[in-house]
Amino acid sequence: MEETLFRQELQKRTAAIEELLKEYLPAEEGYQKTVIEAMNYSLMAGGKRLRPMLMQETYKMFGGDGDIIEPFMAAIEMIHTYSLVHDDLPAMDNDEYRRGRKTTWSVYGDGMGVLAGDGLLNYAFETAFRAFPACTSGEPVDPNYPRVAAALNILARKAGIYGMIGGQNADIEAEKQAEPLTTEQILFIHANKTAALIQSAMTIGATLAGATDEEIAALELCAYNVGIAFQIQDDILDVIGDSKELGKATGSDAQNHKQTYVTLHGLEESVREVERLTGEAVAILDSFSGEHEFLKELLLHLVHRTK
């Protein structure tokens, strides 16, 4: 896909997801109004909206054409946002700004920041449950019920202790570890802290569209490769990236003595590994017959970014 056309399509899809998210915002009212305001402030703070986009594009690749995907698109962005809200807290990264705006805790206080993250995580599942078709007692079970149930299981596991939270646990403990990290540890952190939600997005899209178990397993590997390549590229950019283009200082990993894939394996091998992982991911996508030109460009854009 030509670069200008891809950028136009990306902008169009991002804007559509922004509108979708607005439809699922909880009303800012009642005695719980403040925490809801903090939740909505966090969710609508901007961002690339990549996870719901990946979910929607995978859903379409497997022939999905209904709106059953929409509650899950909103839910996964809520989960991603809650993780950022908690990452910014004083007890975690202690960041006062994100994307040029005050972080949630710095506006509403750290206590309310904790509650806003909790609220987004819980409300994500309230939202995802809206994908279950309405059913009256005595009616036959809608054929979409098993797919929605399977998708909810994916969403819960990949966001939890066997997914993103597990990766965050390992990342926190790694900061205090005296001995050098192993490649296995670094890959575990990347696989769970980053790749898990990408896997969740793509496999939920496939599941709701009726993909086979074999196709879902292949997509899970594809998304794993993308997540690992994304994080290694992040480490590479910290070494060779343009600080003006990145919007942040480079060289922070070295200054903070942070161990990364690059510090363990060197720049050249890291670049080769990004190319290998990306090539495998693209090959998996190309094995599917459904339309996926934009999805492939989106994955390449995600990995081969310069900022």
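Residues numbered from 1 in each chain as written. Predicted model: local features only at pLDDT ≥ 70, side-chain atom pairs only at ≥ 80, totals over all residues. Heavy atoms only, no water.

Student: Would you mind showing me how to read the nonpolar core here?
Tutor: The nonpolar side chains of a soluble globular protein tend to be buried with one another. F72 and M202 are the most contacted members of the largest nonpolar core, which has 79 residues in total. Here this core takes 11 residues from helix α9 (residues 183-209), the largest share from any one element. Apart from the residues lying within four places of it in its own chain, the contact partners of M202 are L54, T58, L219, C222, A223, L285, L295 and L299. (Core = buried A, V, L, I, M, F, W, Y, C linked by side-chain atoms within 4.5 Å. Buried < 20%, exposed > 50% of the residue type's maximum accessible area, 1.4 Å probe, protein only. Helix = DSSP H or I, 4+ residues; strand = E, 2+ residues; numbered from the N terminus. Contact = heavy atoms within 4.5 Å.)

Student: Which parts of the structure should I look at to understand the pattern of salt bridges?
Tutor: If charged atoms from side chains of opposite charge come close, those side chains can pair. Evaluated as defined, the whole model comprises 17 salt bridges. Linking D171 and K193 is a salt bridge whose minimum nitrogen-to-oxygen distance equals 2.6 Å. With D171 in helix α8 (residues 164-176) and K193 in helix α9, the pair connects residues that are 22 residues apart, well separated along the chain. Accessibility expressed as a relative area gives 18% for D171, which makes it buried. By relative accessible area, K193 is classed as partly exposed at 31%. The salt bridge partner of R276 is E280, with a shortest N-O separation of 2.8 Å. (Salt bridge = Lys/Arg side-chain N within 4 Å of Asp/Glu carboxyl O.)

Student: What is the right way to read helix α3 (residues 50-61) from this model?
Tutor: Two residues of an α-helix separated by three or four positions point the same way, owing to the 3.6 residues in each turn. The terminal C-alpha atoms of α3 lie 16 Å apart, and with 12 residues this matches the ideal 16 Å at 1.5 Å per residue to within 8%. Buried residues of α3: L50, R51, P52, M53, L54, M55, E57, T58, Y59 and M61, and no others. Tucked into the core, α3 has its buried residues touching α1 (3-23), α4 (70-87), α9, α10 (213-240), α14 (267-286) and α15 (293-303). G63 sits one or two positions beyond α3 and adopts a positive phi of about 90°. (Expected span 1.5 Å × (residues − 1).)

Student: Honestly, the packing of α8 against α9 in this entry has me stumped. Any pointers?
Tutor: Helix packing geometry: the angle between the two helix axes and the distance between the axes. Here α8 crosses α9 at 145°, and the two axes come no closer than 7 Å. Taken as a pair, α8 and α9 cross one another with a handedness that is left-handed. Taking contact as the criterion, the partners of M164, G166, G167, Q168, A170, D171 and A174 in α8 are, on α9, F188, I189, N192, K193, A196 and L197. Residues of the contact of α8 with α9, tallied by class, amount to 7 nonpolar, 4 polar and 2 charged. (Axes fitted to C-alpha atoms, helices over the stretch in contact; angles between N-to-C directions. Left-handed = near helix turned anticlockwise from the far one by under 90°. Nonpolar A, V, L, I, M, F, W, Y, C, P; charged D, E, K, R; others polar.)

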